Amino acid sequence: MPTVDLAGLSIHAVSIAGVETCIEVPSWKLCFDIGKCPDSATRWGTVLFTHGHADHIGGVVHHVGTREMRKQKAPRYLLPKEYAANFDRLMDAWRALDHAALECEVVPVAPGDRIDLGKGRSAHVFRSVHRVPTCGYAIEESRRHLKPEWVGRGDEAIRAARAAGIAVHDDDPSVELVFCGDTTIHVVEREAIVRKARRLILEATFLDDRVSRDWARRSGHVHLEDIVERADLFENEAILLTHFSQRYSPREIREIVAKRLPASLKGRVQVLTDAS
Ligand SMILES: [Zn+2]
Ligand SMILES: [Zn+2]
């Protein structure tokens, strides 16, 4: 499973359309989606699921079961609310089959929600545009720094001010990463947070005329030409393209993307393949 450096953030990930997607962010101790469960993903106690397709959620029982066997904390699963009832039924069926507790906390989410992830991070939930209900997540980090008037005043003065209840810090929120899950290109037009996030992980299932843009849209996916056409919209510092159809080899993926992307995007875009 490849690891990619995305503007200084390490991403350990696999994503192949219809097969499996799991995007791990080890330094944040979380991952997005678990199609099949790589053993490395069992380390993370928080999983943000985008939708109910099996290539994005099929490995959840391995995740919860392995953590239980290893006596790790019960995981917390963010999941679009449309899937919550069936998810509970699925887990109940697994509990009966496996004779195990498979304890987990399910947090049903909807567009507009903001979920606290701890350590100054939160997940903003937005609507992606797929053929089934899908949510994307924007991870915001709040960085604390001294107010300008306190810079250079010395630790003692700052400690005294804080003890007296004076606010000496500003919190500076920044959207560090967006993951859209499966979506058409429309999410980029609809959601400013997708265009402006520092890092963007975006699917690009189809790459050339082996599959038409029209078919890509009807099946709820991005075609590379949709990105090329909207190149000016992306303000992100780094973009990782994922979820390529299996019809393209890793070499083809790299070649087609390098050939089609305009210069304004080329330096900022990486592709996730087996050979990344
Ligand atoms: Zn998918
Ligand atoms: Zn899907």
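A short tour of the structure in this document, coming up. Predicted model, so just to flag it, every value in this text is computed and none were measured. (Residues numbered from 1 in each chain as written. Chains lettered and ligands numbered in written order. Predicted model: local features only at pLDDT ≥ 70, side-chain atom pairs only at ≥ 80, totals over all residues. Heavy atoms only, no water.)

**Concerning the coordination of the zinc ion (ligand 1)**
Bound to the zinc ion (ligand 1) on the protein side are Asp-55 (OD), His-56 (NE2), Asp-182 (OD) and His-243 (NE2), at distances that span 2.1 to 2.5 Å. Given 4 donor atoms and angles of 90 to 151° at the metal, the environment of the zinc ion (ligand 1) is assigned as irregular. One chain supplies every donor for the zinc ion (ligand 1), spaced along it as D-H-x125-D-x60-H. Between the zinc ion (ligand 1) and the zinc ion (ligand 2) the interatomic distance amounts to 3.7 Å, and Asp-182 serves as a bridging ligand to the pair. On the criterion of sequence distance, the pair formed by His-56 in helix 1 (residues 54-57) and His-243 in the loop between strand 13 (238-242) and helix 9 (250-260) is long-range, its members being 187 residues apart. Here the two residues His-56 and His-243 agree in accessibility, since each one is buried. (Donors = N, O, S within 2.8 Å, 3.2 Å for Na, K, Ca; no water. Tetrahedral: all angles 85-135°; square planar, octahedral: opposite > 155°, others 65-115°. Helix = DSSP H or I, 4+ residues; strand = E, 2+ residues; numbered from the N terminus. Buried < 20%, exposed > 50% of the residue type's maximum accessible area, 1.4 Å probe, protein only.)

**Some remarks on the sheet that holds strand 13**
An order of 8-9-10-11-12-13-14 is seen for the 7 strands of this open sheet, with the pairing classed as mixed. In this open sheet, the two strands that pair with only one neighbour each are strand 8 (114-118) and strand 14 (269-271). On average, each strand axis in the sheet is inclined to that of its neighbour by 25°, with strand direction left out of account. Bridge count for strand 11 (residues 169-179) against strand 12 (residues 199-203) is 2 bridges, and the pairing is parallel. Within strand 12, the position partnered with Val-178 by the bridge is Leu-200. (Pairing = 2+ DSSP bridges. Axes fitted to C-alpha atoms, helices over the stretch in contact; angles between N-to-C directions.)

**Re the pattern of salt bridges**
In the structure shown here, the tally under the stated rule is 25 salt bridges. Among the salt bridges present, the one from Arg-76 reaches Glu-105, with a minimum N-O distance of 3.6 Å. Of this pair, Arg-76 sits in strand 6 (residues 76-80) while Glu-105 sits in strand 7 (residues 105-109), placing them 29 residues apart in sequence. Exposure remark for Arg-76: the relative accessible area of 22% places this residue in the partly exposed category. You can call Glu-105 partly exposed: its relative accessible area is 43%. (Salt bridge = Lys/Arg side-chain N within 4 Å of Asp/Glu carboxyl O.)

**Let's talk about the nonpolar core**
Where a protein is soluble and globular, its nonpolar side chains tend to be buried together. Formed by 35 residues in total, the largest nonpolar core has its most connected members in Val-178, Leu-202, Leu-224, Ile-227, Phe-234 and Leu-241. Elements supplying a minimum of two residues to this core: strand 11, helix 5 (186-190), strand 12, helix 8 (224-229), strand 13, helix 9 and strand 14. If we skip the residues at most four places from it in the chain, Leu-202 touches Cys-180, Thr-183, Val-188, Val-222, Ile-227, Phe-234, Leu-240, Leu-241 and Thr-242. If you look at the next biggest cluster of nonpolar residues, it comprises 26 residues, including Val-4, Ile-11, Ala-13 and Leu-240. (Core = buried A, V, L, I, M, F, W, Y, C linked by side-chain atoms within 4.5 Å. Contact = heavy atoms within 4.5 Å.)

**Some words on the packing of aromatic side chains**
Evaluation of the coordinates by the stated rule reveals 4 aromatic pairs. Between Phe-32 and Tyr-137 the ring centres are 6.4 Å apart and the planes differ by 35°, which places this aromatic pair in the tilted class. Placement of Phe-32 in strand 4 (residues 30-32) and of Tyr-137 in strand 10 (residues 134-146) is noted, with a sequence separation of 105 residues between them. The exposure class of Tyr-137 is buried, given its relative accessible area of 0%. Taking the centre distance of 5.9 Å and the plane angle of 75° together, the rings of Tyr-77 and Phe-87 count as edge-to-face. Note that Tyr-77 is positioned in strand 6 and Phe-87 in helix 3 (residues 84-98), a separation of 10 residues in sequence. Residue Tyr-77 is classed as buried on the basis of its relative accessible area, which comes to 0%. An aromatic cluster is built from Phe-32, Tyr-137 and Phe-179, whose rings are joined through pairwise contacts. Cation over ring: Arg-153 sits above Trp-150, and NZ or CZ is 4.2 Å from the ring centre. (Phe/Tyr/Trp six-rings, centres within 6.5 Å; stacked < 30°, edge-to-face > 60°. Lys NZ or Arg CZ within 6 Å of the ring centre and 35° of its normal.)

As far as function goes, none of this settles anything; it's purely spatial.
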